[in-house]
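Breakdown of the fold
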Protein chains: 2
Amino acid sequence: MSFRFVDIDDAEMTRRREVVEPLTDAVRDLLDAVIRTEVPDSEIADAAESVRAVTERLRRVQRDGPYGVEYTRTRTGMPWGNPAVGVRNAVAPPMRVDVADDGSRCSEVNLGAAYEGPPGLVHGGVSALLLDHLLGEAAGADGTPSFTGSITLRYVAAAPLGTVHLRARTDRISGPKKFVSGTLSSGDDVCVEADAVFVIPRWARPTEPTAT
Amino acid sequence: MSFRFVDIDDAEMTRRREVVEPLTDAVRDLLDAVIRTEVPDSEIADAAESVRAVTERLRRVQRDGPYGVEYTRTRTGMPWGNPAVGVRNAVAPPMRVDVADDGSRCSEVNLGAAYEGPPGLVHGGVSALLLDHLLGEAAGADGTPSFTGSITLRYVAAAPLGTVHLRARTDRISGPKKFVSGTLSSGDDVCVEADAVFVIPRWARPTEPTAT
């Protein structure tokens, strides 16, 4: 596991994001086009060839393994390879996480053709991915690290593709456990309810008084 | 919702898959390169421009909305836009589903940089996406349609990026409910356990005898 610190300030981080984000967005758009295209077979083959040429150029200088998570000198996290929120990862819709007035984490996400399960509807597993991530952010709101112990998702209504809203908050903390809940909604309808238990790792727990 | 039938046989379906799959694979590889590249900023901008040109060509002829699910004349499903298994969708790793001797559904999936949560580890939400999908396939093994009612995931060990194995099966059916369970493993270690209830929609339930 590597959490890397890079000696840059947040302004430089923003500049770097603004360089790479248009490329990631372009790949998201390409990915949608590949799902929906009906051009002749020969053009599909040409497109694949062009894509491979771009990839080859990008691979001339690249990090060895996955992206990991980097932190700026002011400890702002850059989870740029993340499949839910990563600004370098075209798998991510991406979800942008906001903090509501009451401290809840919330997000408005637009889900297109790439996130379809049953025809016209959001894949249940995509709802699970986004909720798992947002509940994790809500669990981390107090600054204590924790990992998902378990999560239960209840699918109460189908979510049509398009704009969905997510919300999550920590309901209570008991010993090393954080109890977190959230929802995914479409318009006024709650489509998925989530409840999770996050566990604070032993090394991050407050020291308990020992009996003498 | 649209389940479309297309008047082709399975040989033609295979031919069409072999045309589009290399393009999807090329986009998967590009997506990985965008996460990991360290080429100079000017080359990032050039790459984005090249990607946009490919997208524009593919969009000259395209279906209006998302892909939906198509069926061949022999009722083979083509969920090609699906984010877990879709052969046109670069979001999908993709997961290929096999049927084990005992009727379980299983899959070996290779998860690279695009599926990373904590550094070096599979994002918990990606495990949820893949398990949700595989449990759905196991629930559908008897041919009766059903939708996810609820799913619980227990994260018992961290799953490193790389090859993971998934398995799922229907344990019992009681009235309109199917109880399905599964696991995601890395090597010999079970990393995530899943239990779900799938619900058979009213229109697909066997007619019950009525009291006279």
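Keep in mind that this is a model prediction, so the values were computed, not measured.

A short note on the domain arrangement of chain A
Residue and element names in this part refer to chain A. When cut into domains, chain A gives domain 1 (1-94) and domain 2 (95-204). Each of domain 1 and domain 2 has a C-alpha centre, and these two points are 24 Å apart. Across the contact, 15 residues belong to domain 1 and 12 residues belong to domain 2. At the boundary of domain 1 with domain 2, total buried surface from both sides reaches about 990 Å², with 62% on carbon and sulfur atoms. For the domain 1 face of the interface with domain 2, the top three residues by lost area are Val 85, Pro 93 and Pro 94, together amounting to 44%. There are 1 salt bridge connecting domain 1 and domain 2.

A short note on unusual backbone geometry
All names here are of chain A. The omega torsion across Pro 93 and Pro 94 is -5°, close enough to zero to call that bond cis. Even without glycine at this site, Arg 75 takes up a positive phi of about 65°. Position of Arg 75 relative to the elements: it lies in the loop between β2 (69-71) and β3 (77-78).

Here's the deal with the relation of the copies chain B and chain A
Structural alignment of chain B on chain A gives an RMSD of 0.0 Å, achieved by rotating through 180° and translating 0.0 Å along the axis. In short, the pair behaves as if placed about a two-fold rotation axis. For chain B, the minimum C-alpha distance to the rotation axis belongs to Thr152(B) and amounts to 2.1 Å. In this assembly the copies share their binding face: 100% of the residues contributing to the interface of chain B also contribute to that of chain A.

Cut-offs applied
- Per chain, residue numbering runs from 1 following the sequence as it is written.
- Chains carry letters from A onward and ligands carry numbers from 1 onward, assigned in written order.
- Note on the predicted model: pLDDT of at least 70 is required for a residue's local features to be given, and 80 or more for side-chain atom pairs to be given and counted; whole-chain, interface and lining totals, by contrast, use all residues.
- To get the side-chain values, all heavy atoms of the structure are used, and hydrogens and water are removed first.
- Residue ranges for the domains trace back to a domain assignment, done automatically or taken from a database.
- Any two residues whose heavy atoms approach within 4.5 Å at even a single point are treated as in contact.
- Joining two parts hides part of their accessible area as seen by a 1.4 Å probe, and the buried area is that hidden amount summed over both.
- Any carboxyl oxygen of Asp or Glu within 4 Å of a side-chain nitrogen of Lys or Arg constitutes a salt bridge here.
- Under the scheme used here, helices are H or I runs from DSSP no shorter than 4 residues and strands are E runs no shorter than 2 residues, and both carry numbers assigned from the N terminus.
- The copies are overlaid by a least-squares fit using only the C-alpha atoms of residues whose pLDDT is at least 70 in both copies.

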